[in-house]
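Each chain, letter by letter, is given below.
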Amino acid sequence: MAAFTPAAKRNVATSRLLAATTTDSIKQNNFLEGMKNMFSSMAAAGLDAGKSSDVYTVAVTGSSGLVGRALLNEIQSKGMIKGKQAKVIKLIREGKGSADGDSSLAWNPNTDDMAIDPALLADVDAVVHIAGENVSTGLGPLGFLGIRPWTDEKKSEILDSRVKSTKALAAAIREANKSPGSKIDFLCASGPGIYGYDGVGASAPLWDESADTSGTTGFLAEISREWERAAMEKANGRVVLMRFGVVLSKMRGALAKLYPIFFVGGGGNVGSGEQFFPFISARDLARSIVHTIETPQLKGPVNMVAPTPCTNAEFTSTFGSLISRPTILPLPGFAVSALFGQMGEEMLLGGQKVSASKLVESGFEFQHDTIEKALKSAIDEEKDI
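Just so it is clear, the model here is predicted, and its values are computed rather than measured.

**Re the overall build of the protein chain**
- Counting its regular elements, the protein chain contains 10 helices and 12 strands.
- When the 385 residues of the protein chain are sorted by exposure, 46% land in the buried category.
- Within the protein chain, contacts between residues at least 6 apart in sequence are counted, and of these 80% link residues at least 24 apart.
- Taken as a whole, the protein chain presents about 19,000 Å² of accessible surface, with 54% of it coming from carbon and sulfur.

**Quick word on the side chain of Thr 111**
- Among the secondary structure elements, Thr 111 is positioned in the loop between strand E4 (104-107) and strand E5 (126-129).
- On the basis of relative accessibility, which here comes to 17%, the residue Thr 111 falls in the buried class.
- A polar contact of 3.0 Å, which involves the side chain of Thr 111, links it to the backbone nitrogen of Asp 113.
- When neighbours within four sequence positions are excluded, Thr 111 is seen to be in contact with Lys 164 and Ala 168.

**So, the packing of helix H2 (residues 66-78) against helix H6 (residues 282-293)**
- Where H2 meets H6, the closest approach of the two axes is 8 Å, and the angle between their N-to-C directions is 65°. As for the relative orientation of H2 and H6, their crossing is right-handed in sense. Seen from H2, the contacting residues are Leu 66, Val 67, Ala 70, Leu 71, Asn 73, Glu 74, Ile 75 and Lys 78; seen from H6, they are Ala 282, Arg 283, Leu 285, Ala 286, Arg 287, Ile 289 and Val 290.
- For the contact of H2 with H6, a count of residues per class yields 10 nonpolar, 1 polar and 4 charged.

**Observations regarding the packing of aromatic side chains**
- What the rule picks out here adds up to 10 aromatic pairs.
- Their ring planes at 15° and their centres at 6.5 Å tell us that Phe 277 and Phe 279 sit as a pair that is stacked.
- Ring geometry for Phe 315 and Phe 319: centres 5.8 Å apart, planes at 40°, overall tilted. Taken together, the residues Phe 315 and Phe 319, both in helix H7 (residues 312-322) and 4 residues apart, mark about one turn of the helix.
- A residue is classified by how much of its surface remains accessible, and Phe 319, at 0% relative accessible area, is buried.
- One aromatic cluster is present, built from ring pairs that chain together Tyr 259, Phe 262, Phe 263, Phe 277, Phe 279, Phe 315 and Phe 319.
- Positioned above the aromatic ring of Trp 227 is the side chain of Arg 162, whose terminal nitrogen or guanidinium carbon lies 4.9 Å from the ring centre.

**Focus: the environment of Ser 281**
- Along the chain, the position of Ser 281 falls in strand E10 (residues 279-281).
- In the structure, Ser 281 is positioned 24 residues away from Val 305 in sequence and 8.6 Å away in space, judged by C-alpha atoms.
- Discounting chain neighbours no more than four positions away, the residues touching Ser 281 are Val 247, Leu 248, His 368, Ala 374 and Ser 377.

**Let's talk about the pattern of salt bridges**
- By the definition in use, this model includes 10 salt bridges.
- One salt bridge in this structure joins Glu 74 and Arg 283, with 2.8 Å as the shortest N-O distance. One end of the pair, Glu 74, is in helix H2; the other, Arg 283, is in helix H6, with 209 residues separating them in the sequence.
- Arg 283 sits in the buried class, given a relative accessible area of 19%.
- Between Lys 78 and Glu 294 there is a salt bridge; the shortest N-O distance is 3.7 Å. Taken as a pair, Lys 78 in helix H2 and Glu 294 in the loop between H6 and strand E11 (300-304) lie far apart in primary sequence, 216 residues in all.

**Re unusual backbone geometry**
- The phi angle at Lys 82 is positive, at roughly 55°, despite the residue not being glycine.
- Tracing the backbone shows Lys 82 in the loop between strand E2 (80-81) and strand E3 (84-93).
- According to the relative accessible area criterion, Lys 82 is partly exposed, its value standing at 39%.
- One non-glycine residue, Ser 324, adopts positive backbone phi at about 55°.

**As for the packing of H7 against helix H10 (residues 371-379)**
- The N-to-C vectors of H7 and H10 enclose an angle of 45°; their axes lie 10 Å apart at closest approach. When the axis of H7 is compared with that of H10, the two are oblique. Relative to H10, the crossing made by H7 is right-handed. Facing Phe 315, Thr 318, Phe 319 and Leu 322 of H7, the residues of H10 in contact are Ile 371, Glu 372, Leu 375, Lys 376 and Ile 379.
- Broken down by class, the residue content of the contact of H7 with H10 amounts to 6 nonpolar, 1 polar and 2 charged.

**Re the confidence of the model for the protein chain**
- Chain-level statistics for the protein chain give a pLDDT mean of 86 and a share of 83% at 70 or above.
- No element of the protein chain has a lower mean pLDDT than helix H1 (residues 6-49), which averages 43, and none a higher one than strand E12 (residues 353-354), which averages 98.
- Throughout residues 1-50 the model reports pLDDT below 50, and contacts reaching past four residues in sequence, or to other chains, amount to 7 contacts.

**Some details on a nonpolar patch on the surface**
- A surface patch of nonpolar side chains, about 230 Å² in accessible area, is lined by Ile 147, Leu 331 and Leu 339.
- Among the structural elements, Ile 147 can be located in the loop between E5 and helix H3 (152-176).
- By relative accessible area, Ile 147 is classed as partly exposed at 47%.

Here is what the cut-offs are and how they apply
Residues numbered from 1 in each chain as written. Predicted model: local features only at pLDDT ≥ 70, side-chain atom pairs only at ≥ 80, totals over all residues. Heavy atoms only, no water. Helix = DSSP H or I, 4+ residues; strand = E, 2+ residues; numbered from the N terminus. Buried < 20%, exposed > 50% of the residue type's maximum accessible area, 1.4 Å probe, protein only. Contact = heavy atoms within 4.5 Å. Areas by Shrake-Rupley, 256 points an atom, 1.4 Å probe, with all protein chains shown as cover. Polar contact = N/O pair within 3.5 Å; in protein donor to acceptor, adjacent residues only side chain to side chain. Axes fitted to C-alpha atoms, helices over the stretch in contact; angles between N-to-C directions. Left-handed = near helix turned anticlockwise from the far one by under 90°. Nonpolar A, V, L, I, M, F, W, Y, C, P; charged D, E, K, R; others polar. Phe/Tyr/Trp six-rings, centres within 6.5 Å; stacked < 30°, edge-to-face > 60°. Lys NZ or Arg CZ within 6 Å of the ring centre and 35° of its normal. Salt bridge = Lys/Arg side-chain N within 4 Å of Asp/Glu carboxyl O. Parallel < 35°, antiparallel > 145°, perpendicular 65-115°, else oblique. pLDDT = per-residue confidence, 0-100. Patch = residues over 30% accessible without salt bridge, like charges linked within 9 Å, V, L, I, M, F, W, Y side chains within 5 Å.

Below is the structure:
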């Protein structure tokens, strides 16, 4: 066997060292890759564990009102949302009732901080915010009559009930969404009042969600802009601004007040009768909210109104026909202004011609797409949904 020279010995030693180093490097890389995969798996498991896999939970403010009752009834009837068992949590104002921590939770709409502890929203998938001060009634013992209701004090209450509560609730959602696996959708009520109140006559513009509403006029337009801004700025994740039309139900809301007047033959056109009247049946509104929850591409403003525009005169004649009563006693514009002030001028004499194209294009199918069908649905209600 030939003898190794010193140089050869050094080359062999170097080769062995390089081989050992390469082997150690490979082992180290394999170890690091294994650790990376392990942590990735743990993170993924954490994301999956963040929400219950078989229950879809919807938290609702304003659950005792007309829209809230209809929504709860729809969810309970449907039973499933996004292929999961549906669960509803009522968000109850602090001091207005007891919350059991399971089917109901307390929230504070009047705080400058977060309306609810974000930890309590850990299992919530969507929050539907529909609570707010009634805009058509005044203050005091005769406030329900709506006689010149928009005093400075009442306007302040309307503003706070919408903007302040929305900021506080959205702030809690934003904080909750910082937790791993949390992705809460925020659906916040708004209204077509954001389009102003010049929707009168044949020249009335048709408003859709792409319209610029920054310069529209009126108290309701101002309130709606602030309301929607609060939701968009404070919340994160998916935010939907639900612009509700007038919700038709003979049990509650505007139609419930008009029903006895029309029933005794006291109905008639308000003002010119040419003002457009954005409407939706209570059932279609509840269905459209659930549809929106299940349709992730719906975000930002969504007009929740029937797809067939209707004027006050068309509403009046159709309502009278359905209940077989004459509609020959008009309410003149000057009387509306004298009795109801700014509220009457915006809500009764003014109007909005509004498109439902965004909702329709997303695949939603109305059951009551005309004023006749929507009124018939309301009239045929046998119980308060």
